[in-house]
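# Descriptive analysis of the structure
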Amino acid sequence: DEEQTQVYVALAIAVLLIYMVTAALFESLAAPFVVLLTLPLALIGVFLIFFYTDATFTRTAYIGTIMMAGIVVNNAILIVYHIGELRRTLPTRAAILQGTLERVRPILMTTFTTVFGLLPLVLFAESQDENIWNSLALATIGGLISSTLFVLVAIPVAYRYLVARGGD
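Under the criterion given, the structure shown has 6 aromatic pairs. For the ring pair Phe112 and Phe116, a centre distance of 6.1 Å and an interplane angle of 25° mean the geometry is stacked. Of this pair, Phe112 and Phe116 both sit in helix α5 (residues 92–123), separated by 4 residues, roughly a single helical turn. The exposure class of Phe112 is partly exposed, given its relative accessible area of 45%. The rings of Tyr8, Phe50, Phe57 and Tyr62 are connected pair by pair, giving a single aromatic cluster.

Structural data, given as structure tokens:
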């Protein structure tokens, strides 16, 4: 119980730090919420990959989930920052569309390279439940895949309604 509490505290601190850094980066209190939206979307993939692979969610899976949280927010930061830059010269709707489309390739490239880099930890493990790296890699892979799929749809929509409320 004490170990699980420590993991939850670490996760809460990680989310708080992500919020603080993105609030400073965007000079906004609303934009970090758009970035943090990627975390529950990524958790969907973490739970699904453990469910479908019938793997055990171990302590290292918690660590992998915290690591994954730091990685998946990068995709949202790429989109939100780029949209913010484009809004200086374009109408809001056009900036959201163009900003998202221009960031699809970098997001897919970073996701695929990370997933393919972690695949050997999953594929070449002797036993799924005995190898500590397996749970860490599974959590990261599942979160990255689902976050990437959802972030390209949810982040532009959330940005429109949470950050650019008054735009055209």
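A few words on the layout of surface pockets. One number sums up the size of the largest pocket: a volume of about 250 Å³. Lining the largest pocket are 13 residues, with Phe26, Val80, Gly84, Glu85 and Tyr159 positioned closest to its centre. For the lining of the largest pocket, the secondary-structure elements that each account for two or more residues are α1 (2–26), α4 (59–86) and α6 (132–163). Top element by residues in the lining of the largest pocket is α4. It accounts for 4 residues. In this model, the second largest pocket occupies a volume close to 160 Å³. Those elements that provide at least two residues to the lining of the second largest pocket are α5 and α6. Here the lining of the second largest pocket gets 5 residues from one element, more than from any other, and that element is α5.

Cut-off values and rules
- Here the residue index of a chain counts from 1 through its sequence in written order.
- Residue-level local features of this predicted model are given only where pLDDT is at least 70; pairs of side-chain atoms are given and counted only at 80 or more, and the full residue set underlies all totals for whole chains, interfaces and linings.
- Side-chain numbers here rest on the full set of heavy atoms in the structure, without hydrogens or water.
- Each aromatic pair joins two rings of Phe, Tyr and Trp (for Trp, the six-membered one) with centres within 6.5 Å, and gets the label stacked for planes under 30 degrees apart, edge-to-face for over 60, and tilted for any other angle.
- Only DSSP runs of H or I with at least four residues qualify as helices, and only runs of E with at least two residues qualify as strands; both kinds are numbered from the N terminus onward.
- Think of it in three bands: with a 1.4 Å probe and only protein chains considered, a residue is buried below 20% of the maximum accessible area for its type, exposed above 50%, and partly exposed in between.
- Lining residues are defined by having an atom within 4 Å of a point belonging to a cavity or pocket. Those points lie on a 1 Å grid over the protein atoms alone, cavities being sets where a 1.4 Å probe fits but cannot get out and pockets being open sets with protein on both sides within 12 Å along at least five of seven lines.
- Grid points are joined across faces, edges and corners, and a volume is the space filled by probe spheres set on the points.

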